[in-house]
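Each chain, written out:
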Amino acid sequence: MTHNEIPLHKKSIAALSAMLQQGTVTSVALVELFLERIHQLDPQLNSFITVIPEQALQQARAADQRIAAGTSGPLTGIPLAHKDIFCTEGIRTSCASRMLDNFIAPYDATVVNRLHAAGMIVLGKTNMDEFAMGSSNETSFYGPVRNPWDVTRVPGGSSGGSAAAVAAGLVPAATGTDTGGSIRQPAALCGITGLKPTYGRVSRYGMVAFASSLDQGGPLARTAQDVALLLGAMAGFDERDSTSVDRPVENYAQHLSGSVDGLTIGVVNEHFGEGLDSNVAARIESALREYERLGAKIRRISLPHSALSVPAYYVVAPAECSSNLARYDGVRYGYRAEGPSSLEEMYKRSRAEGFGAEVKRRIMIGTYALSAGYYDAYYLKAQKLRRLIGEDFNSAFASVDVIMGPTSPTVSFKLGEKLADPVTMYLSDIFTIAVNLAGLPAISIPAGFVDGLPVGLQIIGNYFDEARLLNVAHQYQQVTDWHEQAPPGFE
Ligand code: GLN
């Protein structure tokens, strides 16, 4: 296919932006095209919770004026969707929970603000696991999202709506959040590119909190170049988030021409053990061979505490969630049970009726782990493991530039397959969770297919090494075309 034959909905942000600047397409035309695709195709996927056609067209008209006036940037006029965890002023922010089904935020999240200031056009809010708890997008109050590569399978989670929508060409890019893998794992299972930035690189202000010491927002798009453009606009210090880091934002999109010749890639022994599907392993090995052809060197390393990351996470994350979700009491905002006979019953029933099963499970585990008699045995212990996991990475980065391996142990699984067994579901994030515990950045990029289902390669970097990660990802995408494939039926 020559460049001009690629349909608009499959073009990268970079290509669409060039067309907008040249005047060969308008933002209004792009918004109409993507809204029409959402209308036609999303009933099969359920990737959107809310679509806002009028606002989007109004914004697009304003963007076209800025482009005509010559005051636009590289993201002006490009359509986008936000995970429904980011507060959007005047537009419902549900977090895919009955608890927030009626919640209209009075302000925009910083990420929403910044991408708006960059000129992007919001088409709507994407489906997700309830309060971002899940790996399959099956815990949503609004029903599961389906994977466009096979609609009987899950898109991954919790940013499953964002990943499915981008993969199906319903929108060129979307935001997501990643507490234990929720950007990278759905990106992998849907065959797109997703980046979880260093903790503190992107403001969490206005992002509904799940586990505050782990949560981090980031972009999902088709290519590393597009992700670089988006990160450049999202990242940066925010005085309204005390954990955001005051450090200059690099121009990621302009640092994509570096060679990987001489790059040292760490490959973790523990990532290639039991639980990893052998066909997925073969795809990852072949991606590593490709990097070797480009001049990179492979070094086998060990992250000895890898096996402890899932258990440590499932104490720390529920503990923080039990505290964060205490605010949903039926009093100030959100769901309130009807006709309670007392204040206490109002609290109890509002929470019992407003939260789904997985959220309740996490609140109970977290409350237990933090309770007086068990704090030392569980929470304190988990924090110690967290430190050891971080130190493993610190030693590894003394001798390697990046770490590569599978994003997910398997390709997408069937809807319902893991729902009855939470522990099996939790193991979906076995390769991603340690990165959040350590606060490191990592990207997942498409690296081939197993039986027609996408495989993701995870590349982990040192703190604030996003520019290198994006360049390393981009170099692979220059010599492969996995990221250009579209799911049958959504071409
Ligand atoms: N799947 C993990 C969980 O259920 C991670 C979710 C996330 O990153 N938000 O907690």
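Our structure is the block above this text.
Because the structure is a prediction, the values reported are computed rather than measured.

### Section: unusual backbone geometry
In the segment running from G157 into S158, the intervening peptide bond is cis, with an omega of 5°. Structurally, S158 can be placed in the loop between β3 (121-126) and α5 (160-167). Backbone geometry places D451, a non-glycine residue, at a positive phi of 50°. With respect to the helices, strands and loops of the structure, D451 is situated in the loop between β10 (442-450) and β11 (453-460). Its identity is not glycine, yet F464 carries a phi of approximately 60°, on the positive side. Looking at the element boundaries, F464 is found in the loop between β11 and α15 (466-479).

### As for the site of the ligand
The local shell around the ligand holds 15 residues, among which G180, S182, Y313, R362 and D429 are the closest. At 2.6 Å, a side-chain N or O of Y313 approaches an oxygen atom of the ligand. Relative to its unbound accessible area of 290 Å², the ligand is 100% covered by the protein chains.

### Some thoughts on the pattern of salt bridges
A complete count under the given rule lists 18 salt bridges for this structure. The closest approach of N and O atoms between R92 and D101, which form a salt bridge, is 2.9 Å. With a relative accessible area of 23%, R92 lands in the partly exposed category. For R300, the salt bridge goes to E285, with nearest N and O atoms at 4.0 Å. Taken together, the residues R300 in strand β8 (residues 297-301) and E285 in helix α8 (residues 278-293) connect sequence positions 15 residues apart. On the basis of relative accessible area, E285 is assigned to the partly exposed category, the value being 23%.

Cut-offs applied
Residues numbered from 1 in each chain as written. Predicted model: local features only at pLDDT ≥ 70, side-chain atom pairs only at ≥ 80, totals over all residues. Heavy atoms only, no water. Helix = DSSP H or I, 4+ residues; strand = E, 2+ residues; numbered from the N terminus. Near = heavy atom within 4 Å. Polar contact = N/O pair within 3.5 Å; in protein donor to acceptor, adjacent residues only side chain to side chain. Areas by Shrake-Rupley, 256 points an atom, 1.4 Å probe, with all protein chains shown as cover. Salt bridge = Lys/Arg side-chain N within 4 Å of Asp/Glu carboxyl O. Buried < 20%, exposed > 50% of the residue type's maximum accessible area, 1.4 Å probe, protein only.

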